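# Examining the three-dimensional arrangement
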Amino acid sequence: MLKPKLLVSFFSAILLISGCSYLNSSDDKRIPVKVEKVVDGDTIKVRVDGRLETVRFLLVDTPESVHPSKPVQPFSKEASTYTLRMLEDANVELELGIGERDKYGRLLAYVYADGQSVQENLLKKGLARVAYVFEPNTKYVDQYERIQIQAQKEGVGIWSVENYVQEEGYVSEDTKQPENTANQACTIKGNINSSGDKIYHLESGRYYKITKPEKWFCTEKEAVASGFRKSKQ
């Protein structure tokens, strides 16, 4: 039998370990939070368990309004305003992604205001695109893509500007288009997800078109030699 002092130490250790991840993302449980600030259309600051956290919306990307090296992009202010209006005076909850955080320490989550998905509403209004689709956080990607297709058909928001939404992001006259390092022979996309996994995507892959490449490969052998594994879908 453990001595009293050892029991106290044991339970203290358990509490300390559980406190390192005070948000349980192993199921669909939604966590109530208090919104402190809307940074932009897809990023907010919240108070949870007394701590201030930055939250990045999973699977969507809105135009930039506060990026230090980019100009204010079309529909960025509208996206920020829409997110603010959805969240203010609402009961806000988070459904955390697998792994909880990205490489910047931000919580990754699906966000709800009075039970409504903020991501879905941004997509419906044409104020966001489906993006940053990294395994294993692909839970709602199919329904998000269906909503996006409808917004494209209706030509709302970002879809009303010809060639504004590109695979690599938003490109307007005020936005310098990134150089495309791919060529006809090198079409394999390699990216690193929020958990640090290196994954490469073939043109026949499910997420190829909406995956933002961090590196291009000409052959699968080259991708594997660089430490990447093939996408499962």
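Residues numbered from 1 in each chain as written. Predicted model: local features only at pLDDT ≥ 70, side-chain atom pairs only at ≥ 80, totals over all residues. Heavy atoms only, no water.

## Things to note about the pattern of salt bridges
Let me state the cut-off plainly: In the sections that follow, a salt bridge refers to a side-chain nitrogen of Lys or Arg positioned within 4 Å of a carboxyl oxygen of Asp or Glu. Secondary structure elements are taken from DSSP: a helix is a run of H or I of four residues or more, a strand is a run of E of two residues or more, and numbering for both begins at the N terminus. A simple rule labels every residue: compare its accessible area, found with a 1.4 Å probe on the protein chains alone, to the largest value its type can have, and call it buried under 20%, exposed over 50%, or partly exposed in between.
Here the structure, examined in full by the defined rule, presents 11 salt bridges. Residues Glu95 and Lys139 are paired through a salt bridge, measuring 2.8 Å at the closest nitrogen-oxygen approach. One end of the pair, Glu95, is in strand S5 (residues 92–101); the other, Lys139, is in the loop between strand S8 (129–130) and helix H4 (141–154), with 44 residues separating them in the sequence. Owing to a relative accessible area of 2%, Glu95 belongs among the buried residues under this scheme.

## Comments concerning the confidence of the model for the protein chain
Definition in use: Each residue carries a pLDDT value, the predictor's own confidence for that position, ranging from 0 to 100. We call two residues contacting when some pair of their heavy atoms lies within 4.5 Å.
Considering every residue of the protein chain, the mean pLDDT works out to 84; 81% of them sit at 70 or more. In this model, residues 7–20 is a region of pLDDT below 50 whose contacts with residues beyond four sequence positions or in other chains number one contact. Confidence over residues 175–182 falls short of pLDDT 50; this stretch has nine contacts with residues more than four positions distant or in other chains.

## Some thoughts on the sheet that holds strand S12 (residues 198–201)
Counted only if it meets this: One bridge is not enough; two strands pair if DSSP finds at least two bridges between them.
Strand order in the open sheet made by the four strands is S13-S11-S12-S14, with mixed pairing throughout. Of all the strands in the sheet, just strand S13 (215–217) and strand S14 (229–230) have a single pairing partner and so form its edges. Direction of pairing for strand S11 (residues 188–192) relative to S12: antiparallel, over a ladder of four bridges. When the bridges of S12 are listed, Gly190 appears paired with Tyr200.

## Here's the deal with the nonpolar core
Most often, soluble globular proteins keep nonpolar side chains buried together rather than apart. Convention followed: Think of a nonpolar core as a cluster: buried Ala, Val, Leu, Ile, Met, Phe, Trp, Tyr and Cys residues, connected wherever their side-chain atoms sit within 4.5 Å.
In terms of nonpolar packing, the biggest core is built from 39 residues, with Ile44, Val55, Leu87, Val111, Val118 and Tyr144 touching the most fellow members. Every element with two or more residues in this core is listed here: strand S1 (31–40), strand S2 (43–48), strand S3 (51–57), helix H2 (76–87), S5, strand S6 (107–113), helix H3 (118–124) and H4. For this core, the element with the highest residue contribution is S6, accounting for seven residues. If we skip the residues at most four places from it in the chain, Ile44 touches Lys37, Val38, Val39, Glu53, Thr54, Val55, Phe57, Thr83, Leu87 and Val111.

## Brief notes about the packing of aromatic side chains
Spelled out, the test is: Centres within 6.5 Å make a pair out of two Phe, Tyr or Trp rings, where for Trp the six-membered ring is used; the pair is then stacked when the planes are under 30 degrees apart, edge-to-face when over 60, and tilted otherwise. By the criterion adopted, a ring carries a charge over it if an Arg CZ or a Lys NZ lies within 6 Å of its centre and within 35 degrees of its normal.
Applying the stated rule across the entire model yields five aromatic pairs. Both rings, one in Tyr110 and one in Tyr140, keep their centres 4.6 Å apart while their planes meet at 85°; by these two values the pair is edge-to-face. Here Tyr140 lies in the loop between S8 and H4 and Tyr110 lies in strand S6, a separation of 30 residues in the sequence. Assigned by exposure class, Tyr110 and Tyr140 land together as buried. Relative to Tyr170, the ring of Tyr164 has its centre 5.2 Å away and its plane inclined at 40°; by these criteria the two rings are tilted. On the accessibility criterion, Tyr164 (1% relative accessible area) is buried. For Tyr170, a relative accessible area of 6% translates into the label buried. Taken together, the ring pairs connect Tyr110, Tyr140 and Tyr144 into an aromatic cluster. Above the ring of Tyr112, the side-chain terminus of Arg30 is found at 3.5 Å from the ring centroid.

## Regarding the pairing of S6
Burial analysis of S6 places seven of its seven residues in the buried class, which makes it a mostly covered element. Side chains Leu107, Ala109, Val111 and Ala113 project from S6 onto one buried face, and the interleaved Leu108, Tyr110 and Tyr112 project onto a second face that is buried too. Summarising the sheet, S3 and S6 pair through three bridges and their orientation is parallel. Bridge pairing in S6 links Phe57 to Ala109. Counting the residues in the hairpin turn of S5 and S6 gives five residues, including Gly105, whose phi is positive at 85°. Sheet topology note: the S6/strand S7 (residues 116–117) ladder contains two bridges and is antiparallel. Paired with Ala113 across the two strands is Gln116, which belongs to S7. Counting the residues between successive antiparallel strands, the hairpin from S6 to S7 contains two residues, one of them, Asp114, with a positive phi of roughly 50°.

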